[in-house]
Amino acid sequence: MDPEALKRELKKLILEELDLRDLAESDIDDEAPLFGEGLGLDSLDALQLAVAIEERFSVQIPEDDRAKPIFASVTALAAFISSARSAS
Amino acid sequence: MKSRVAITGVGMITALGSTAASTFARLLAGERGFGPITLFDAAGQKSSLVGEVRDFRTGDVAPAPSPWSRTDALALVAAREALAMARLAPGEPTALAVGVTTGGMLEAEMILPDASAVNARPHELASYPLSSPTHRLSEALGPFDRTATLCSACSSGASAIVQAATWISSGKHRVALAGGTDALCRLTLTGFHALGAIDLGPCRPFDRDRAGLTLGEGAAFLVLESEESARRRDASVVAWLTGWAAGSEAHHLTHPEPGGAIPAALIRRALARAGLDARSLDYVNAHGTGTVANDAMEAAALRAALGPEVDRVFVSSSKGQLGHTLGAAGAIEAVITAMAVQRSEIPPTGGLADPAGDCQLRHVLGKGRAAEVRAALSSSFGFGGAGTTLLFEHEGEAPRAPVSSKVQVEITAVTSLDARGLLTGTSVDAPAVSTPMEPTDGILARLVASRSRRFDRETAMMVVGAEAALPSGAGEGERGLVAATAFGNVERAREFLRTLVEKGPRRVAPAEFPHLLPSSPAGNASIYLDLKGPVVTTCDLEASGEAAVLLAGEWVASGLCPLVVAGAVEALDELVRGVLGPLCEPDEHAARAEGSAWIVLEPRGFAALRGGAPLAVLHATAQLARKRWSAEEIASPRGDAPVIVCARAPEAALVELLARSGWAGATTTVVERSHGWHEGLGALAVATAAARIARGAATDALVVGTSAGRATLLHLVKPS
């Protein structure tokens, strides 16, 4: 999947899984942090998103501190998914 | 209002013992009740370590062939022990309050996801309603005139004790039985694991390395009794319950507010109610779950509430030995706290080796210790930020003169969200329509999207209805919530369980779990509406709506909370319509409808202070077991234009009773006939009654609800 399409799919997944029904894909900046400031998402959202991404993209997200940089932004998430899929 | 409540009997069954005495002895010895779960196959779970009650089978105590749940059976064991210790026969306590959260989930959860299993064995869902343990105990130990089922997540057991204390201290009842009960189940083990909230080893409350909770199960009950009754019977008193408080954080569904401001206020208020300050407090049995966030918050709250005395007061958490028993925890820990007062012995915190820097308290490590305990506090905090504190004192304290409170309760607002749309005030008494209710999107559109994420239809209906009822700009003062739902959102729980069965525990939606507990809609509503008073979910099958208003009236009358919004919500649910309704409510009903009706209750004069006027006065309330029905118990109407408003047609015996009472000849409106049926319809009946009085069409209105052999009576009158 090309990186832009992957990012679009990720944004759609984020909006759906986290019930961000007042936001559109264009409201999510590729580079902005997903949690804390910005979208106002919290650790419960992070858990939900991790399970949804693992399910949708058949990847395994580590449960320890290594997960943090993966969720840094949509771009970081897309990069992780691409490399995890090509590795498997 | 300084009346004392005597605790004259206690009972508990836990992972460490089948009696209060055996559990307490093993707590003092520092034993821990953890091991791999045997109740069900925990394959795929990250850990199967739990505090299970061993060598206990439901069939050992449940009267066959009725399908009791494990939660029901655990409750019976503890309740019997408490009655025996108090030397009371079944039927002597006239009131029963039960806190519960998982209820009959253990028995229901493997059937629910499978439609063919539901159709083949529907009776296995008979204990699914949250009110099941209450009704089972009523059958086994009753009759009780007054019963209440309370769910405030992990503080449910403590909420039940507060309710019973309210009954005793206000003089409504002389002897009450109150407690909490919950069995382990797959749903909670899976859900807390999904949240990353479970320590993979046994939990370590307040420890530097703490990493979450360990789940447990059990039940505990206490006999609460007026001082006068206890003295007359020459009952021996375990401890005196002299202080209590309940409130909510209105912060986050799963994360406590780090500063612990509301918990600190609840600790101060329990002390203040007892007329004590921190210098008299010797022990705190903390909520102490072992999660990073809870324990640090609790240490901060204790520091803020107790000031420099915090370094002197012993603190321990029983969850390091018994696990987190959810709906039972508040009651189990209340029993432990009362026994610590009685025996001058303080149990330790199991699993605590190296106290964390953010949990600097006077911990009890390893084994229990002897110490004078003049007064001790038990704290409970649940999902949604629902907190309760209970203060117990030693028998040696001098009695304080009981002062009865006679607060008149006004109904100051009513709303109904139903097929007619959102109606407020007198318009609630408008004719019904036969169109369906608006779709969920339309209801959600009335709410701020970013603050109502994951709201289901019930929750959205609850928040829209309650918000419209609440006075605007009344941010000052605490506002409480009593929300009724007979079965909860069964479909949502079923979906979660379906994923568990089909894909395994690692694939469930973590964010769904805290939203599908019985207490979740009310928890969400308290956060959305910034309600910081007590928040409780209740249910009583067909009389669920009436139950909510009854509880709220008692809260306001007794001074527990100065403003309560009470009501009920039911949305259409296929399992309720097709299986649970017919199974649990054998009477004939009209076609199912949906609705959400809300009533604001305040002390007399509060509405006038805002420049408003009350719609009606909640003049009298009563609940009567069928065996004790008598026309004399029903107060006569005060004015010359009385009406009776019922959710459903009263049964023949009740009609006969009313015909012999002062209500003979009053016209009866049966709401079900025009609106269709749901379990929360009693709230609409109350709202309709208040609206009818407010628009001058009646002087008095009697709302009558019946469920499980008990009548609930709410008498509304025109404001004088």
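The structure presented is a predicted model; accordingly, all values stated were derived computationally and were not measured.

Draft legend 1. Main features of helix 6 (residues 132–141) of chain B. Judged by how many residues are buried, helix 6 of chain B sits mostly within the fold: eight of ten residues are covered. Those residues of helix 6 of chain B that fall on the buried side of the exposure criterion are S132(B), P133(B), T134(B), H135(B), R136(B), L137(B), S138(B) and L141(B).

Draft legend 2. Layout of the pairing of strand 17 (residues 421–424) of chain B. All names here are of chain B. Bridge count for strand 16 (residues 409–418) against strand 17 is four bridges, and the pairing is antiparallel. Looking across to strand 17, one finds that L417 is bridged to L422. The antiparallel pairing of strand 16 with strand 17 creates a hairpin that spans two residues between the two strands.

Draft legend 3. The arrangement of the nonpolar core in detail. All names here are of chain B. The biggest cluster of nonpolar side chains holds 96 residues, and the ones touching the most others in it are L224, L241, F392, L601 and L716. Among the elements that make up this core, the one with the highest residue count is helix 23 (residues 681–694) (ten residues). One finds F40, A117, L125 and L195 within the second-largest nonpolar core, a separate group that totals 47 residues.

Draft legend 4. Inspection of the confidence of the model for chain B at higher detail. In the predicted model, chain B carries a mean pLDDT of 95, and 98% of its residues have values of at least 70. Scoring of the predicted complex yields 0.97 for pTM and 0.94 for ipTM.

Draft legend 5. Quick peek at the side chain of S229(B). Following the sequence through the fold, S229(B) ends up in helix 9 (residues 227–233). Apart from the residues within four sequence positions on either side, S229(B) is in contact with R174(B) and V175(B).

Draft legend 6. Broad picture of unusual backbone geometry. Residue and element names in this part refer to chain B. For the peptide bond that leads from G142 to P143, omega is 10°, which places it in the cis range. Here P143 lies in the loop between helix 6 and strand 5 (146–151). In this model, L326 sits at a positive phi of 55°, which is unusual for a non-glycine residue. Tracing the backbone through its elements, the reader meets L326 in the loop between helix 12 (319–322) and helix 13 (329–343).

Draft legend 7. Just the packing of helix 7 (residues 156–169) of chain B against helix 18 (residues 544–558) of chain B, in detail. Residue and element names in this part refer to chain B. It is at 10 Å that the axes of helix 7 and helix 18 come closest, and there the two elements cross at 60°. Taken as axis vectors, helix 7 and helix 18 run oblique relative to one another. The element helix 7 and its partner helix 18 pack so that their crossing is left-handed. Taking contact as the criterion, the partners of Q163, T166 and W167 in helix 7 are, on helix 18, L551, E554, W555 and S558. Within the contact of helix 7 with helix 18, the residues separate by chemical class into three nonpolar, three polar and one charged.

Reading the values: the criteria
- Residues numbered from 1 in each chain as written.
- Chains lettered and ligands numbered in written order.
- Predicted model: local features only at pLDDT ≥ 70, side-chain atom pairs only at ≥ 80, totals over all residues.
- Heavy atoms only, no water.
- Buried < 20%, exposed > 50% of the residue type's maximum accessible area, 1.4 Å probe, protein only.
- Helix = DSSP H or I, 4+ residues; strand = E, 2+ residues; numbered from the N terminus.
- Pairing = 2+ DSSP bridges.
- Core = buried A, V, L, I, M, F, W, Y, C linked by side-chain atoms within 4.5 Å.
- pLDDT = per-residue confidence, 0-100.
- Contact = heavy atoms within 4.5 Å.
- Axes fitted to C-alpha atoms, helices over the stretch in contact; angles between N-to-C directions.
- Parallel < 35°, antiparallel > 145°, perpendicular 65-115°, else oblique.
- Left-handed = near helix turned anticlockwise from the far one by under 90°.
- Nonpolar A, V, L, I, M, F, W, Y, C, P; charged D, E, K, R; others polar.

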